[in-house]
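The primary structure of each chain is shown beneath.
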Amino acid sequence: MLAAQVEVGPVIPGLERSEIGPQMKGLVLLEELNCASCHTSDAPFANRSKKAPQLSDVGTRVHPEFLESFILDPQGTKPGTTMPNVMGAMNEEEKRNTTRELVHFLLSLKPNHFSVQAPDSVAAEQGEKLFHSRGCIACHSPRDEEGNELLNESSAPLGALEKKYSVKSLVGFLQNPLKVRPSGRMPNMQLQGREAEQIAHYLLRKTKVPGSLNFTLYQGRVWEGLQSDSVEAARAGLVDDFKLESLGKVSHQTAIEYQGWIDIPAQGEYTFHLKMNGGFLRVDGQDIVVEEPSNRRGPKDFSGKITLAKGLREISLTYFHTGREPSFSFEMEGPGLDRKPIASSMLTSSQETVPAFEPFVVDQDLAAQGRLHFEKLGCANCHDDVGAPSRKRIEFSNLRKNKGCLSSDSSDTPRFSLTDTQRNWINGALKQAETIALDDHQEIGKTLVSFNCIGCHERSGVGAIDPARESYFTGSKPELGNQGRIPPVLSHVGAKLTPEWMRDVLLRGQRQRHYLDASMPQYGESNVGHLVEKFGKVDRLEDVELPEISDILESKNAGYEMIGADGFSCIACHDYNGQEAGGAGALDIVHVTDRIQKNWFHLYMRDPQRFHSTVIMPNYWPGGKSVRPKLLNGDPAKQIEALWNYLEDGPRAKKPRGLSRQSNEIRVSDVAEIVRGRGTAGFRGIGVGYPERINLAFDSEEMAVRLLWKGDFASVNHGSFRVIGGEKITFPPGIPFHRLESLDDDWPYKGETDYLFPQDHGYQFGGYELDELRRPAFRYQYGKISVEEFFEDQAGANDSANGSAWFRRLLRFDTLEAQEMFHFRAAAGSKATRVSDGVFSVDQLELTIPTSIEAIVRDGEPSEILIPLTLPAGQTNLILEYRW
Amino acid sequence: MVVFRNLILFLALFAALSVAAEDLGEAWGTAEAEAEYYPIVNIAIPPEVPMRPGSFEILPDGRLAAGTRRGDIYFIEGAFENPPVPKYHLFASGQDEIFGLSWKDGVMTATQFGEVTQISDLDGDEVADRYETLTNNWGYAQGHEFAFGSKHDPEGNIWVALGLSGSYHSNNLFRGWAVKVTAEGKMIPICSGLRSPGGVGPNAEGAMFCIESQGPWNGSCSLKHLKPGGFLGHPASYNWYRFVPGMETPAVEPNTPSRLQIEKKRVEELVPPAIRFPYIKMGRSISGFRLNQTGGKFGPFENQIFLGDYTLSIILRATTEQVNGVWQGACYPFREGLATGIMNVEFSPKGQLIAEDSQQTANGPFVARSLLRFSESTGAEKHPSRFGRLRSGKMDSILRSPSR
């Protein structure tokens, strides 16, 4: 007897809607259904076919009961699946036995760690938003509030996930789906932080787990009530009892809603005792204690009585952990019960009995039987990771239309539940599948359909976003219109992006349009890597005749004029070098020349409408005439080229006029940036970011360099700054100059109660003066010596990760009278060594000093490089080099 | 079964009352009447400018200078036109929070947390390139240690009031003191006993004052006279007398609990506040202040002190007088209807009062559009005789008979 079949047909999202022809659709289906795994072929498509999920870990990933029902009836359990039913010829009992043995086999492959976790409704609420905004709904069906799928017939099916996964196993899958499904149809969605967890809690929110109490934990200004705008739910789930410790660390300003049923052992009067700041206790429909919380008082004692009948009685308590020295106790007494906290065993989170998950026990005999089925039924043909031999069937070249799997009524071949349309597509493609040579256009079309790229991106001739899903695409910059929410169009993309940037986006998880809520999924290099080259070959636009630029500086300057507030004011809408634009927040243009091909840049600037009919980017050369006719004689090509030349300098370009200063992160452009305040270099710190992308922090209290680092500079929050970049070299506290009486003496630094230090050592800070690149020369007094220190950033020879730029440190001493020998601590750290003449190292730092100087390497805590200095009257210069 | 209904009712009532008492922006319910005499005009701040000023100055050419908590100094042209047509120019950047600006002889002197700095433009492009430290000889090693600076006094000194290390302790040199910094960079300690001072400046007679915030030893905000050798009430800063040549640690410490008037009899050096501002009714976090010497352009309050409040969104005014060698005075409501965040005030050459408040946005407080505003006297000129009838009740009589 055959089980009732649900005739949905395997769903390949986007396939039906795509604009590729029927034969191409047939080819897509041949690959998506992995026909070549049974029907061997040496044609190229065989290698590109979608692989089935890897099964060696399935016991840890999937609930054993789900596994059983899915094998028994794939299409009934998960309508739309591409998994065929391979037991059509068996009777019901054979099916059940075979299935059971297959499950024992699959679960015998490795130790299984499957377990069930309670869903967190707070995380699920976030997960619901993420599921609908990150791009999941481009392939999977969006859901209504109850979780009903709204577009299931055209969506990649998920089935009843709460029966299949645990939160833990689904999170693991979402974080790296390609590990289990190497063919990348389920891509890596690049979920950040807790996003995978939140989506898992959402998709599994119907999971039932036995427990004692339900809880929801809130944080914020809880004394204002849980409805306050300043209160947020933080987490929810099941907890054993009313003890705060059972919830882990509960911080001040928290409220907890508990709800559950208490098993009353005998009829009688029960008393509840509470110590708390505030809270609401309700038992069996009656208020027992009602006390509004207050942030201004300590905990108080409360009690209340109620007569309860035997059996399950609902109990709910909202407890506010707020006010002075918050503490909480909750006790009950009654007939035969001494006053004490309510035992976990008396509580249940649900009135119905929820069975606990029982780990599956593998029977090795059944597993051995299952292994035989796995081979015989051909499971191993697709699921090729479990070490079972495959059993090939009739060769692909011998396949006939409407025969075997393609027949509508065969029972002894795998049943895919194909729809008539799908069957016709495959029939139509069968003959040419092995011989047809697809051109690049067709290859691109097939890939964009197989991976449903057209679920998010429009490409002419291939397809576009499903209108029914379009409204789910959202973004954070409404000013950008549709471009601010819908992923970019892919028509012409090969003529637009540089191959390197396309590779970055497609294969390395880079992205530029951070305002789009949808992520750019990663499908794996072996699956979609070929697109980079093919787009480049296929997408051709006319070549622009580039203008001759005789004076590159003039051109860059004109670019500078146009970018800024007095020109076209590009930065009014576009972010620039990480600094947010005041208005629209359009994409950051500082690296545009790395991402965009120059030819396309010219074409686009001349007529943005040509590429996006709804673009809000204005045309600055309407009708071929510049809106700034005075610059470069108003020549459009020269002006566009000037913008390009300017932007080509990237972050090093001269900072545009009118650039926003709102961002807390300070970016360095063509000149140095300075920040002051507490932070890395004490309280009187001065941070300097240099144009060569190296930075230092100077402590103007002790007049000493505290930190060198590379890469990004710093962020400020009024009164303080924080270092951003990396490769840090830290120097211990201490003044720069001191006359050591003995080399055994400690180097002086300011202790907490050295109130007059370092003025009592002759120091007085004098500030700094900036050079034309706005780099500071620090000035201070050391006794009778005026000191000026200038750090000059030097470009490095080669390109390492953060560059190999280094500092040349020029010290200039001015004194009216000759000075006796004193020491200069040029560097210090945990280990200082002399490398060669004039070259020393301190940990990661290399220090070069003039070879004429006999420097002292002093071991100790810290280990130091000391330079003895004797100054004649007048000016003396000392030059050191710091590399790291 | 016990239900605590009564208690809930009482609490709810109490909560409602306390909310009403602290309703910011509607301190006296007089905004409408005041607007007739002192309309408030917004000076637009472009979105790319992070404003939040901690101090203002008027440049010799009539431009407004604003020193910000981000550590920038902007020169603003056209701010005083009505309507304003402001153009912002970034003169200096990269400093710590600036709570004092004073322009003299082509140099801008800025008081920031760690030092007094003379900022100047050497190459004439109107962008500062020299930041010369006048002094940094006070201790600064804890987060709450604010520093507020005055304008130059007639001798060219900058007075700086140094907050304690929090409310109770003075852990670093001269915290809780006011010091005077000479043009040569010499730092002269003046008086001890401050807690968390705000603005510093003179009254019409040239005596220097600073604002004190309520907290330990200070029941409410007050205006304190920075009397040389004086002790202004909070004894945490006693520990620095040993670093001041010519000053002795007071022989007696004030008692608590007690009253300043009682303790004044015991502690010889104690200088009680000239004005105490009734808490909440007139000020909760009074910040900066400025003497009105606009020659009558700002109405009838010439030579009076105008003060901003950081949390209550109000402007107050105050008068001082010396009786038996002791400064005393009175305070009056002036203008409400602003938003919170007023750190300082300034008078324009046209006799307008400049302040900046901040509007809280959905993204959190203080980040987005701040409002730089001026308030100018119109009604006072139009209806001088009606001026005293601005308010009703008790305040009315105070207004009718200013102490000066």
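Residues numbered from 1 in each chain as written. Chains lettered and ligands numbered in written order. Predicted model: local features only at pLDDT ≥ 70, side-chain atom pairs only at ≥ 80, totals over all residues. Heavy atoms only, no water.

Regarding the overall build of chain A
The helix and strand inventory of chain A stands at 24 helices and 31 strands. Seen along its three principal axes, the alpha-carbon backbone of chain A occupies a region of about 110 × 90 × 55 Å. Residues classed as buried in chain A amount to 54% of the 884 residues present. Looking at chain A alone, contacts between residues at least 24 apart form 66% of all its contacts between residues at least 6 apart. Of the roughly 39400 Å² that chain A leaves accessible, carbon and sulfur atoms contribute 48%. Taking the average location of the 100 positive side-chain charges in chain A and that of its 121 negative ones, the two points are 3 Å from each other. (Helix = DSSP H or I, 4+ residues; strand = E, 2+ residues; numbered from the N terminus. Buried < 20%, exposed > 50% of the residue type's maximum accessible area, 1.4 Å probe, protein only. Contact = heavy atoms within 4.5 Å. Areas by Shrake-Rupley, 256 points an atom, 1.4 Å probe, with all protein chains shown as cover. Lys, Arg positive; Asp, Glu negative; His and termini not counted. Charge placed at Lys NZ, Arg CZ, Asp CG, Glu CD.)

Notes on the environment of A:E479
Residues and elements named next belong to chain A. Assignment of secondary structure puts E479 in the loop between α15 (440-450) and α16 (493-496). Among the residues examined, E479 registers a relative accessible area of 47% and is labelled partly exposed. Sequence separation between E479 and A586 is 107 residues, and the spatial gap between their C-alpha atoms is 8.8 Å.

Things to note about the sheet that holds strand β17 (residues 275-276) of chain B
Strand order in the open sheet made by the four strands is β14-β15-β16-β17 (chain B), with antiparallel pairing throughout. Both edges of this open sheet fall to β14 (197-202) and β17 of chain B, since each of them pairs with a single strand only. (Pairing = 2+ DSSP bridges.)

Things to note about the packing of aromatic side chains
Residue and element names in this part refer to chain A. Counted according to the given criterion, the structure contains 64 aromatic pairs over all chains. Here the aromatic rings of F737 and F824 are separated by 5.2 Å at their centres, their planes lie at 45°, and the arrangement is tilted. Of this pair, F737 sits in strand β20 (residues 737-738) while F824 sits in strand β25 (residues 819-829); the two residues are 87 residues apart in sequence, bridging distant segments of the chain. F824 carries the same exposure label as F737, and that label is buried. (Phe/Tyr/Trp six-rings, centres within 6.5 Å; stacked < 30°, edge-to-face > 60°.)

Focus: the pattern of salt bridges
Residues and elements named next belong to chain A. Inspection of the entire model under this criterion finds 66 salt bridges over all chains. The partner of R282 in a salt bridge is D287, with the nearest N and O atoms 2.9 Å apart. On the accessibility criterion, D287 (24% relative accessible area) is partly exposed. Across the pair D466 and R469 runs a salt bridge, and its minimum N-O distance is 3.0 Å. Under the relative-accessibility criterion, R469 is labelled buried at 3%. Among the charged side chains, a network of salt bridges with common partners joins D771, R775, E792, D793 and R808. (Salt bridge = Lys/Arg side-chain N within 4 Å of Asp/Glu carboxyl O.)

A look at the nonpolar core
All names here are of chain A. Judged by nonpolar contacts, the single largest core of 82 residues is most densely connected at L30 and Y576. Examining the composition of this core, we find that six residues originate from one element, helix α24 (residues 636-647), more than from any other. Among residues more than four places away in sequence, those in contact with Y576 are I571, D588, I589, V590, Y646, L647, G650, A653, K654, P656 and L659. If you look at the next biggest cluster of nonpolar residues, it comprises 66 residues, including V705, I735, V787 and W884. (Core = buried A, V, L, I, M, F, W, Y, C linked by side-chain atoms within 4.5 Å.)

Details of the pairing of strand β17 (residues 714-717) of chain A
Residue and element names in this part refer to chain A. The pairing of strand β12 (residues 665-666) with β17 spans two bridges and is classified as antiparallel. The residue of β17 that forms the bridge with E665 is S715. Sheet analysis places β17 next to strand β18 (residues 720-723), joined by four bridges and oriented antiparallel. Residue pairing across strands places A714 opposite V723, the latter belonging to β18.

Digging into the pairing of strand β15 (residues 208-212) of chain B
All names here are of chain B. With respect to burial, β15 is a largely interior element, five of its five residues being buried. Here β15 shows two buried faces, one formed by M208, C210 and E212 and the other by F209 and I211. Bridge count between β14 and β15: four bridges; the pairing is antiparallel. Counted as the bridge partner of V200 is C210 from β15. If you look at the hairpin formed by β14 and β15, you'll find five residues sitting between the two strands, and G206 has a positive phi there, around 90°. Bridge count for β15 against strand β16 (residues 222-225) is four bridges, and the pairing is antiparallel. Counted as the bridge partner of E212 is S222 from β16.

Brief notes about the side chain of A:E291
Take A:E291: it is sitting in strand β6 (residues 286-291). A distance of 3.4 Å separates the side chain of A:E291 from the side chain of A:K300, its partner in a polar contact. (Polar contact = N/O pair within 3.5 Å; in protein donor to acceptor, adjacent residues only side chain to side chain.)

Some words on the confidence of the model for chain B
Residue and element names in this part refer to chain B. In the predicted model, chain B carries a mean pLDDT of 84, and 83% of its residues have values of at least 70. The low-confidence segment residues 1-25, where pLDDT is below 50, has 34 contacts with residues more than four positions distant or belonging to other chains. Contacts for the low-pLDDT stretch residues 383-404, under 50 throughout, to residues beyond four places or in other chains number 39 contacts. Among the scores for the predicted complex, ipTM is 0.88 and pTM is 0.79. (pLDDT = per-residue confidence, 0-100.)

Considering α15(A)
Owing to its 3.6 residues per turn, the α-helix aligns residues three or four sequence positions apart on the same side. Residue and element names in this part refer to chain A. Across the 11 residues that make up α15, a large majority, eight, are buried. Within α15 the residues assigned to the buried category are E443, I444, G445, K446, T447, L448, V449 and S450. Residues of α15 that are buried sit in contact with α1 (22-32), α2 (44-48), α18 (525-528) and α19 (530-538). For α15, the N-terminal cap is D439; the gap from its side-chain oxygen to the backbone nitrogen of H441 is 3.2 Å. Where α15 ends, the next residue or the one after it, N452, has phi of about 50°, a positive value.

What about the packing of α1(A) against α15(A)?
Residue and element names in this part refer to chain A. Running from N to C, α1 and α15 cross one another at 55°; their axes reach a closest spacing of 10 Å. Classified by the angle their axes make, α1 and α15 are oblique. The two elements α1 and α15 cross, and the hand of that crossing is right-handed. Between α1, through M24, L27, V28, E31 and E32, and α15, the contact on the second element is made entirely by Q442, K446, V449 and S450. A per-class count over the contact of α1 with α15 returns four nonpolar, two polar and three charged. (Axes fitted to C-alpha atoms, helices over the stretch in contact; angles between N-to-C directions. Parallel < 35°, antiparallel > 145°, perpendicular 65-115°, else oblique. Left-handed = near helix turned anticlockwise from the far one by under 90°. Nonpolar A, V, L, I, M, F, W, Y, C, P; charged D, E, K, R; others polar.)

Examining the packing of helix α17 (residues 499-507) of chain A against α19(A)
Think of two packed helices as two axes; the pair is described by the angle between the axes and how far apart they sit. Residue and element names in this part refer to chain A. One can describe the packing of α17 onto α19 by two numbers: an axis separation of 9 Å at closest approach and a directional angle of 140°. Seen along the crossing, α17 lies across α19 with a hand that is right-handed. When α17 is examined against α19, the residues P499, M502, R503 and L506 are found in contact with a partner set consisting of L531, V532 and F535. Residue classes in the contact of α17 with α19 are distributed as six nonpolar, no polar and one charged.

Considerations on α1(A)
Residues and elements named next belong to chain A. The buried fraction of α1 amounts to nine of the 11 residues, a majority that puts the element mostly inside the structure. Looking only at α1, the buried set comprises M24, K25, G26, L27, V28, L29, L30, E31 and E32. Turning to α1, the residues buried within the fold contact α2, α14 (420-430) and α15. Backbone geometry just downstream of α1 places N34 in the positive-phi region, at approximately 55°.

Observations concerning the interface of chain A and chain B
With 46 residues of chain A at the interface, the matching set in chain B holds 51 residues. For the pairing of chain A and chain B, the buried interface totals around 3900 Å² over both sides, and the portion due to carbon and sulfur atoms is 47%. The interface formed by chain A and chain B contains three salt bridges. With a closest N to O distance of 2.8 Å, A:R676 and B:E115 form a salt bridge. Between the two partners, chain A and chain B, sit 24 residue pairs in polar contact (both at pLDDT 80 or more). Where the side of chain A that touches chain B is concerned, the elements lending two or more residues are β6, β7 (300-308), β13 (673-679), β14 (682-689) and β21 (763-770) of chain A. Among the elements that take part in the side of chain A that touches chain B, β21(A) stands out by supplying seven residues, more than any other. (Buried area = accessible area lost by both parts, 1.4 Å probe.)

Some points on the confidence of the model for chain A
Keep in mind that low pLDDT regions are not for reading the predicted coordinates in detail. Residues with a pLDDT of 70 or more make up 98% of chain A, whose mean pLDDT is 94. The low-confidence segment residues 1-6 of chain A (pLDDT under 50) makes 12 contacts with residues lying over four places distant or belonging to another chain.

Examining a negative patch on the surface
Negative charge collects at one region of the surface, where A:E741, A:D744, A:D745 and A:D746 lie side by side. With respect to the helices and strands, A:D744 occurs in the loop between β20 and β21. (Patch = residues over 30% accessible without salt bridge, like charges linked within 9 Å, V, L, I, M, F, W, Y side chains within 5 Å.)

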